[in-house]
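# Coordinate inspection notes
Here are the chains, one letter per residue:
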Amino acid sequence: KPDRHYVRVGRITTIVATLLSIATAYIVLSFNSLMDYVQLLFSFFNAPLFATFLLGMFTTWATPAAGFCGLLAGILAAFLHNVLYRMHWIHYGSDMSANFYGAMAGWSVCFVTTCAISLWTAKKPVEQLRSVVFKRHAFDQTNTPSQMRAPWIMATAIAAACLLLNWIFR
């Protein structure tokens, strides 16, 4: 039998979520389209979160405190960019392009802030990151130099293909 406290919390949470969804529907009415609204939310939250995810997933030197501060700074940067756009201090051709540049601002500020704060905060020991961080050659000493070189060859080939296609279809 479920605890009465959990049932009460569940009911209150359902009511609050329903009220928030109704409020969100009225917020969406002030946008040109639902896609503009979704892209705005993505620029606020997903772009900084992606920078935090990349640093946390592929580096051993990014710290939890830096990740939190970087994520917060990225969200605030994207929000500030949107405020400046809405006040007509920054001009773009459309709301979509403003959202795109806001996402770039949020991602960049998050990335730089996380890197900078990681220089001065305590890092986790590499042993604790063994199954969390994707850096195989740092943990597995059985790799041969050709196995360690293979991802760079593939990355270079993909970058060259992107540049070639960009030049062909410009």
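Below, the structure is looked at part by part. The model shown is predicted, which means the values in this text are computed figures rather than measured ones.

## Structural notes on the overall build of the chain
The number of helices and strands found in the chain is six helices and zero strands. The N-to-C order of helical and strand elements in the chain reads α-α-α-α-α-α. Out of the 170 residues belonging to the chain, those deemed buried represent 24%. Summarising the internal contacts of the chain: among those between residues at least 6 apart in sequence, 70% fall at separations of at least 24. Of the accessible surface of the chain, which amounts to about 12400 Å², a share of 72% is contributed by carbon and sulfur atoms.

## Digging into the packing of aromatic side chains
Per the stated rule, a full pass over the model turns up seven aromatic pairs. Ring centres 5.0 Å apart and planes at 10 degrees place the aromatic pair Tyr 92 and Tyr 101 in the stacked group. A residue is classified by how much of its surface remains accessible, and Tyr 92, at 26% relative accessible area, is partly exposed. By relative accessible area, Tyr 101 is classed as partly exposed at 37%.

## Digging into the packing of helix α3 (residues 64-86) against helix α4 (residues 95-118)
Interhelical geometry of α3 versus α4 gives an angle of 150 degrees and a closest axis separation of 7 Å. Put simply, α3 runs roughly antiparallel to α4. Along this stretch, α3 crosses α4, giving a crossing that reads as right-handed. Of the residues belonging to the contact of α3 with α4, the class tally is 13 nonpolar, 11 polar and two charged.

## Regarding the side chain of Thr 59
Of note, Thr 59 is situated in the loop between α2 (34-58) and α3. The buried category is assigned to Thr 59, whose relative accessible area is 13%. In terms of polar contacts, Thr 59 uses its side chain to reach the backbone carbonyl oxygen of Leu 55, at 2.4 Å. Beyond its immediate chain neighbours, meaning those up to four positions away, Thr 59 contacts Leu 54 and Val 133.

## Looking at the nonpolar core
Judged by nonpolar contacts, Val 28, Phe 31, Tyr 37, Leu 40, Phe 44 and Ala 78 together constitute the single largest core of six residues. The dominant element in this core, judged by the number of residues it contributes, is α2, at three residues. Leave out the neighbours within four places in its chain, and Phe 44 touches Ile 75, Ala 78, Phe 79 and Asn 82.

Thresholds, definitions, all that
- Residues numbered from 1 in each chain as written.
- Predicted model: local features only at pLDDT ≥ 70, side-chain atom pairs only at ≥ 80, totals over all residues.
- Heavy atoms only, no water.
- Helix = DSSP H or I, 4+ residues; strand = E, 2+ residues; numbered from the N terminus.
- Buried < 20%, exposed > 50% of the residue type's maximum accessible area, 1.4 Å probe, protein only.
- Contact = heavy atoms within 4.5 Å.
- Areas by Shrake-Rupley, 256 points an atom, 1.4 Å probe, with all protein chains shown as cover.
- Phe/Tyr/Trp six-rings, centres within 6.5 Å; stacked < 30°, edge-to-face > 60°.
- Axes fitted to C-alpha atoms, helices over the stretch in contact; angles between N-to-C directions.
- Parallel < 35°, antiparallel > 145°, perpendicular 65-115°, else oblique.
- Left-handed = near helix turned anticlockwise from the far one by under 90°.
- Nonpolar A, V, L, I, M, F, W, Y, C, P; charged D, E, K, R; others polar.
- Polar contact = N/O pair within 3.5 Å; in protein donor to acceptor, adjacent residues only side chain to side chain.
- Core = buried A, V, L, I, M, F, W, Y, C linked by side-chain atoms within 4.5 Å.

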